[in-house]
Amino acid sequence: MLAVSDSLNPPPGVNPNQASAARVYDYLLGGKDSYKIDRQVAKDAALVLPDVVEAARVSRHALSRVCRFLAERAGVRQFVDCGCGLPCRDNVHQIVQRADPTAKVVYVDYDPVVAVHVRARLLDNEFTEFVRADLFDPPSVLGHPTVTGHLDWTQPIAVLFMLALHHHYEGDRDLPSKVTKEFIDRLPSGSYVAISHLLDARDGSEADAAVRDLVESVRHGPMGDVVARTRGEIEELFHGLELIPSGPDTRAGIVPVIDWWPDGPPLDDPAAVAHRIVGVGVGRKP
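What counts as what
Residues numbered from 1 in each chain as written. Predicted model: local features only at pLDDT ≥ 70, side-chain atom pairs only at ≥ 80, totals over all residues. Heavy atoms only, no water. Helix = DSSP H or I, 4+ residues; strand = E, 2+ residues; numbered from the N terminus. Contact = heavy atoms within 4.5 Å. Buried < 20%, exposed > 50% of the residue type's maximum accessible area, 1.4 Å probe, protein only. Polar contact = N/O pair within 3.5 Å; in protein donor to acceptor, adjacent residues only side chain to side chain. 1 Å grid on protein atoms, 1.4 Å probe; cavity = no way out; pocket = protein on both sides within 12 Å on 5 of 7 lines; lining within 4 Å. Points joined across faces, edges and corners; volume = space filled by probe spheres on them. Nonpolar A, V, L, I, M, F, W, Y, C, P; charged D, E, K, R; others polar. Core = buried A, V, L, I, M, F, W, Y, C linked by side-chain atoms within 4.5 Å. Phe/Tyr/Trp six-rings, centres within 6.5 Å; stacked < 30°, edge-to-face > 60°. Axes fitted to C-alpha atoms, helices over the stretch in contact; angles between N-to-C directions. Parallel < 35°, antiparallel > 145°, perpendicular 65-115°, else oblique. Left-handed = near helix turned anticlockwise from the far one by under 90°. Pairing = 2+ DSSP bridges.

Right, let's talk about the environment of R251 for a bit. Structurally, the position occupied by R251 is in the loop between β6 (242-243) and β7 (255-256). Among all residues touching R251, those that are not within four sequence positions of it are P245 and S246.

Okay, here's the thing in structure tokens:
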């Protein structure tokens, strides 16, 4: 298989001159599945947020902690990873299947490059599937025969929207809320929804300024739009689900990714800008 960075033969439907959020994120995490245009977006982001690589790293670690909580503590055995992005070192099915090798995972993404690489690298057992669909078109996911057939919709399911909902290009700011509502309405009792999202702190902090600059950088670049939301606005995406406290002796709510269900005292400086530009929450459907 050709590396994505070799743009002589891009997969069908791929424009190597149009940046992709999945490929930009892959590049920030040290992957090689990107085009020149994706690397330029990452470099532009680094001009306004010098530790953007660290921001990507800590967000990926938060995904791992959320998945471990859901699989090991909440006992969830079915997962839908919406906007899964390109494979990296430790992916959702690898994390949750350590708790139960029969845990089922459906990866969802619309990017044709992601489709090629996920199918080639992640579908290594009968409990893992991939669907090429647009999470911003919920029926294309919820009605897909793989999703309806692979999962038992009478049992709890965890739906992951990690770093996915702030990338929407239709201009409808309410679209992510409409999307999560459709998923939540469909989920059976005992299910979970996890969301991480670019955080609009509105507190005059260095992180607040960095997010505003990052949004402007992306908005005027070749990738498209990105939206930041306040903690309250991110919480509204859960539509009244019972939010899970982010750790022992903490109140339930939306917190920076560095703070969600820590496995122990943070080894990094929790005040670092890169650690506070993304908020995360996990909610349970009664």
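Structure shown, so let's carry the discussion forward.
This brings us to the environment of T128. The topology assignment puts T128 in strand β3 (residues 128-132). Relative accessible area serves as the criterion here: at 2%, T128 is assigned to the buried category. Distance from T128 to Y107, taken between C-alpha atoms, is 7.8 Å for residues 21 residues apart in sequence. With residues near it in sequence (within four places) discarded, T128 still touches H93, Q97, V105, Y107, L122, L123 and H150. A distance of 3.3 Å separates a polar atom in the side chain of T128 from a polar atom in the side chain of Q97. In terms of polar contacts, T128 uses its side chain to reach the side chain of N125, at 3.1 Å.

This part covers the layout of surface pockets. Of the volumes computed, that of the largest pocket is approximately 890 Å³. If you go around the largest pocket, you meet 49 residues; those closest to its centre are A21, Y25, L163, H166 and H167. Taken together, the residues of the lining of the largest pocket sort by class into 35 nonpolar, seven polar and seven charged.

Take the nonpolar core next. Membership of the largest hydrophobic core comes to 62 residues, with the highest contact counts inside it found for L70, F79, V92, L198, W260 and I277. For this core, the element with the most residues is helix α3 (residues 52-73), which contributes eleven residues. Setting aside residues up to four positions removed in sequence, W260 forms contacts with R65, V66, F69, I244, P245, S246, V255, V280, G281 and V282. Counting 32 residues, the second-largest nonpolar core is a separate cluster that includes V147, I157, V159 and I254.

Now for the environment of V76. Locating V76 in the fold gives a position in the loop between α3 and β1 (78-82). Of the residues examined, V76 reaches a relative accessible area of 2% and is grouped as buried. Along the chain, V76 and V96 lie 20 residues apart, while their C-alpha atoms are 8.8 Å from each other. Ignoring anything within four residues of it in the chain, the contact list for V76 reads L70, A71, P156, I157, A158 and Y192.

A few words on the packing of aromatic side chains. Within this structure, the stated rule accounts for five aromatic pairs. An angle of 85 degrees between the planes, with centres 6.4 Å apart, marks the rings of F69 and Y192 as edge-to-face. Note that F69 is positioned in helix α3 and Y192 in strand β5 (residues 192-198), a separation of 123 residues in sequence. Of the residues examined, F69 reaches a relative accessible area of 8% and is grouped as buried. Where W260 meets W261, the ring centres are 5.5 Å apart and the plane angle is 35 degrees; that geometry is what we call tilted. This pair shows no difference in class: W260 is buried, exactly as W261 is. Here a set of aromatic residues connected by ring pairs shows up, and it is made of F69, Y192, W260 and W261.

Here the focus is the packing of helix α2 (residues 36-48) against helix α9 (residues 206-219). Axis separation between α2 and α9 bottoms out at 9 Å; the angle between their running directions is 150 degrees. With respect to α9, the element α2 is oriented roughly antiparallel. In the packing of α2 onto α9, the handedness of the crossing is right-handed. Contact residues: α2 offers D44, A45 and V48, while α9 offers D213, L214 and S217. When grouped by side-chain class, the residues that make up the contact of α2 with α9 number three nonpolar, one polar and two charged.

Bringing the pairing of strand β8 (residues 278-284) into the picture now. Here β8 lies mainly inside the structure; six of its seven residues are buried. For β5 and β8, the ladder comprises seven bridges, and the chain directions are antiparallel. Bridge pairing links S196 to V280 in β8. Sheet topology places β6 next to β8; two bridges connect them, and they run antiparallel. For L243, the partnering residue across the bridge sits in β8 and is G283. As paired elements, β7 and β8 share two bridges and run antiparallel to each other. Of the residues in β8, the one forming a bridge with P256 is G279.

None of the figures reported here should be taken as evidence of function without further support.
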